[in-house]
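Inside the fold
Next come the chains, spelled out residue by residue.
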Amino acid sequence: EALALLARVYEAQKDYEQAIGTYRRLQSLEGDDPNVWRPLGVAYLKAGQYDRARQILIAAAQRWPEDGTVFRHLGYCCIRLDDIDQAREMYQRAIDLDSRDWEARRGLGVACMITARRTGEAHWQAEALRHWRRALVLKPDQPKRETLEKLIRDHSSVQNSLEGLDY
């Protein structure tokens, strides 16, 4: 417990290298514990070591395929590595495991919008808007809500950007 707390303190201080080292020590002691593997992968993400984060998160996803948060973090990692198709797949897997995961829906919306911009296909933009709106329904007071609402307004063809939020 002390090592886990120490690792979280390092993360709070944005000292990700120390956090990674501490999670690694904890991993050697705890072995197969998703509460060590997942934060280790996230610490690598925060440190900008996306390839290493992907390796850790894939290993965690293989060990705990029912842990949707691992797939959500893997989706973000794939976006950072510019593997947008894989990101969409990972976010969708997280949503399949927990349909109320507003963060996965928001992330899937981002991946869909990136695809829309790259391909010019309106379908992907509509999908992005749908997932973003659903994320707002699931967590109305989410961080950066105003930014998400602005994205919806800027990319929406309907006048009322909140239309469709009453699922």
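In short, a report on the structure. (Residues numbered from 1 in each chain as written. Predicted model: local features only at pLDDT ≥ 70, side-chain atom pairs only at ≥ 80, totals over all residues. Heavy atoms only, no water.)

Observations regarding a nonpolar patch on the surface
- Where nonpolar side chains cluster on the molecular surface, the patch consists of Leu5, Leu6 and Val9 and spans about 220 Å² of accessible area.
- Secondary-structure assignment places valine 9 in helix α1 (residues 2–12).
- Relative accessible area serves as the criterion here: at 36%, valine 9 is assigned to the partly exposed category. (Patch = residues over 30% accessible without salt bridge, like charges linked within 9 Å, V, L, I, M, F, W, Y side chains within 5 Å. Areas by Shrake-Rupley, 256 points an atom, 1.4 Å probe, with all protein chains shown as cover. Salt bridge = Lys/Arg side-chain N within 4 Å of Asp/Glu carboxyl O. Helix = DSSP H or I, 4+ residues; strand = E, 2+ residues; numbered from the N terminus. Buried < 20%, exposed > 50% of the residue type's maximum accessible area, 1.4 Å probe, protein only.)

A word on unusual backbone geometry
- Its identity as a non-glycine residue notwithstanding, lysine 14 has a phi of 65 degrees, on the positive side.
- Within the element layout of this structure, lysine 14 appears in the loop between α1 and α2 (16–30).
- For lysine 14, a relative accessible area of 61% puts it in the exposed group.

So, the state of the cysteines
- Taken as a whole and assessed by the stated rule, the structure comprises 0 disulfides.
- Residue cysteine 77 stays outside any disulfide, its sulfur separated by 5.8 Å from that of cysteine 78, the closest cysteine.
- We classify cysteine 77 as buried; its relative accessible area is 0%. (Disulfide = S-S within 2.5 Å.)

Some words on the side chain of histidine 131
- Residue placement: histidine 131 occurs in helix α8 (residues 122–138).
- Since its relative accessible area comes to 2%, histidine 131 is described here as buried.
- Here arginine 130 takes part through its side chain, which lies 3.3 Å from a polar atom of the side chain of histidine 131.
- Residues contacting histidine 131, with those up to four places away along its chain left out, are Ile95, Arg105, Leu108, Gly109 and Cys112. (Polar contact = N/O pair within 3.5 Å; in protein donor to acceptor, adjacent residues only side chain to side chain. Contact = heavy atoms within 4.5 Å.)

Examining the environment of cysteine 78
- Relative to the elements of secondary structure, cysteine 78 occurs in helix α5 (residues 68–80).
- When the C-alpha atoms of cysteine 78 and arginine 88 are compared, they prove to be 8.7 Å apart, with 10 residues separating the residues in sequence.

Topic: α8
- Given a rise of 1.5 Å per residue, 17 residues ought to cover 24 Å, and the 24 Å separating the end C-alpha atoms of α8 matches this to within 8%.
- Every buried residue of α8 is listed here: Trp124, Glu127, Ala128, Leu129, His131, Trp132, Arg133, Ala135, Leu136 and Leu138.
- Against α6 (84–97), α7 (102–119) and α9 (145–155) lie the buried residues of α8. (Expected span 1.5 Å × (residues − 1).)

Focus on α5
- With 13 residues, α5 ought to run about 18 Å at 1.5 Å a step, and its terminal C-alpha atoms sit 19 Å apart, in line with that.
- Every buried residue of α5 is accounted for by Gly68, Val70, Phe71, Arg72, Leu74, Gly75, Cys77, Cys78 and Ile79.
- Summarising the contacts, the buried residues of α5 are in contact with α3 (34–46), α4 (50–63), α6 and α7.
- With its phi angle positive at about 60 degrees, aspartate 82 sits one or two positions after the end of α5.

Honestly, that's just the spatial picture; any functional story needs more than this.
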